[in-house]
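# Structural overview for review
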Amino acid sequence: MLEVKDLSFAYKDQQIFEHLSFTVEDGEIVGLVAPNGTGKTTLLKLLCGLLPTGADTLTLNGLKLYSKRIAYLKQLFFLESSNQLYQELTVRDHLTYVKEVWHSKVEIGPVVESLEMGSYYKKVIKDLSLGMKQHVLLAMYIISDAQTMLIDEPLNGLDPTSIQEFEEVFLQLKAKGKSLVISSHQMDSVGRTCDHVFFLKDQTLHDVTNTGQDMMGVYNHFFPKAGA
Ligand SMILES: Nc1ncnc2c1ncn2[C@@H]1O[C@H](COP(=O)(O)OP(=O)(O)O)[C@@H](O)[C@H]1O
Ligand SMILES: [Mg+2]
């Protein structure tokens, strides 16, 4: 379980969050929704210690980030975007690296097969399309086998078939008891996959009831267009 207590953060004089508190249970998918530039990526970076927080703010399965940083981070996987993959290394290099560093028992072969990555498994990252790189990133999350997964806009650049495939993976990870925090602009997908939906507005999180349907209407109500 991830516990966030009284999280505040500013970039210089731009306040991004004020007094956020929430928890993510095991086997739960939390959707993080907000317009571009609101703070989704910033929140994910805060949750894994890439940006500073207070001493008592973050606790993961009883371990505080502040005092047990390495043990805390071992239980978590986050890579902000597929732009951060190593251009000159292959897909296989990336997956092997994650398996070793996270001491994971998840086998690479079946993951590559189920995500249909066989045709580019031995290619270097710079020769892949955006959709392929998104698959590599998802495979890294699966192979990490981390208890908590923070996933930033994983559906960007995917075709509709791949979106369904990714949603199935999220639900399989949930069924294994993983905690997932997923930022997304795909409001139909959010409705299908998330247990809790947080809309980020006015430096705080709003726990919005998931209708189980396309959440676009709720989104438009919450974030009205200028002049509407
Ligand atoms: N490294 C940074 N330094 C200063 N301001 C930043 C930095 N990263 C993001 N910001 C600002 O923080 C706000 C939230 O950014 P971000 O978390 O990337 O939003 P989102 O992921 O929701 O699109 C934006 O206004 C952005 O300009
Ligand atoms: Mg972002």
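Residues numbered from 1 in each chain as written. Chains lettered and ligands numbered in written order. Predicted model: local features only at pLDDT ≥ 70, side-chain atom pairs only at ≥ 80, totals over all residues. Heavy atoms only, no water.

The protein appears in an unreviewed UniProt entry as ABC transporter domain-containing protein from Lacticaseibacillus camelliae DSM 22697 = JCM 13995.

### With respect to the overall build of the protein
Counting its secondary structure elements, the protein contains 8 helices and 10 strands. Radius of gyration (C-alpha) of the protein: 17 Å, near the 17 Å computed for a compact globule of 228 residues. By principal-axis analysis of the C-alpha atoms, the protein measures approximately 45 × 45 × 35 Å. Out of the 228 residues belonging to the protein, those deemed buried represent 49%. Put simply, of all contacts in the protein between residues at least 6 apart along the chain, 65% involve residues at least 24 apart. Surface accessibility of the protein: about 11,300 Å² in total, with carbon and sulfur atoms responsible for 51%. (Helix = DSSP H or I, 4+ residues; strand = E, 2+ residues; numbered from the N terminus. Rg over C-alpha atoms; globule rule 2.2 N^0.38 Å. Buried < 20%, exposed > 50% of the residue type's maximum accessible area, 1.4 Å probe, protein only. Contact = heavy atoms within 4.5 Å. Areas by Shrake-Rupley, 256 points an atom, 1.4 Å probe, with all protein chains shown as cover.)

### Brief notes about the side chain of Ser104
Mapped onto the elements, Ser104 comes out in the loop between helix H3 (91-101) and helix H4 (108-114). A relative accessible area of 9% places Ser104 in the buried class. Aside from chain neighbours lying at most four places away, what touches Ser104 is Lys99, Ile143, Ser144 and Asp145.

### Structural notes on the site of ligand 1
Close contacts around ligand 1 come from Tyr11, Gln14, Ile16, Pro35, Asn36, Gly37, Thr38, Gly39, Lys40, Thr41 and Thr42, and that covers them all. The separation between an oxygen atom of ligand 1 and a polar main-chain atom of Thr38 is 3.3 Å. The separation between an oxygen atom of ligand 1 and a polar side-chain atom of Thr42 is 2.5 Å. Elements that contribute at least two residues to the shell around ligand 1 include exactly strand E2 (14-24) and helix H1 (40-47). Broken down by element, the shell around ligand 1 gets its largest block of residues, 3 residues, from H1. A per-class count over the shell around ligand 1 returns 3 nonpolar, 7 polar and 1 charged. (Near = heavy atom within 4 Å. Polar contact = N/O pair within 3.5 Å; in protein donor to acceptor, adjacent residues only side chain to side chain. Nonpolar A, V, L, I, M, F, W, Y, C, P; charged D, E, K, R; others polar.)

### Details of the sheet that holds strand E10 (residues 204-208)
The mixed open sheet is built from 6 strands, whose spatial order is E6-E7-E8-E3-E9-E10. Because the sheet does not close on itself, it has two edges, and the strands there are strand E6 (76-77) and E10. For strand E3 (residues 29-33) and strand E8 (residues 179-183), the ladder comprises 4 bridges, and the chain directions are parallel. Bridge pairing in E8 places Gly31 opposite Ile182. (Pairing = 2+ DSSP bridges.)

### Details of the packing of H3 against helix H5 (residues 130-144)
Close contact between H3 and H5 brings their axes to 8 Å; oriented N to C, the two are set at 25°. In this view, H3 runs roughly parallel relative to H5, as classed from their interaxial angle. Crossing hand, H3 versus H5: right-handed. Judged by residue contacts, Val91, His94, Leu95, Val98 and Lys99 of H3 engage Val136, Ala139, Met140, Ile143 and Ser144 from H5. Of the residues assigned to the contact of H3 with H5, the class counts are 7 nonpolar, 2 polar and 1 charged. (Axes fitted to C-alpha atoms, helices over the stretch in contact; angles between N-to-C directions. Parallel < 35°, antiparallel > 145°, perpendicular 65-115°, else oblique. Left-handed = near helix turned anticlockwise from the far one by under 90°.)

### Points about the pairing of strand E9 (residues 196-201)
Two faces belong to every sheet, and in a regular strand the side chains alternate between them. In this sheet, E9 lies alongside E3 in parallel orientation, the contact comprising 4 bridges. Within E9, the residue paired with Gly31 across the bridge is Val197. Joining the antiparallel neighbours E9 and E10 is a turn of 2 residues, in which Asp202 adopts a positive phi near 55°.

### Quick word on the packing of H5 against helix H6 (residues 160-175)
For the pair H5 and H6, the least separation of the axes is 12 Å and the interaxial angle reads 10°. Classed by the angle they form, the pair H5 and H6 counts as roughly parallel. Each of Gln134, His135, Leu138 and Ile142 in H5 lies in contact with H6, whose residues at this interface are Ser162, Glu165, Phe166, Val169 and Phe170. When grouped by side-chain class, the residues that make up the contact of H5 with H6 number 5 nonpolar, 3 polar and 1 charged.

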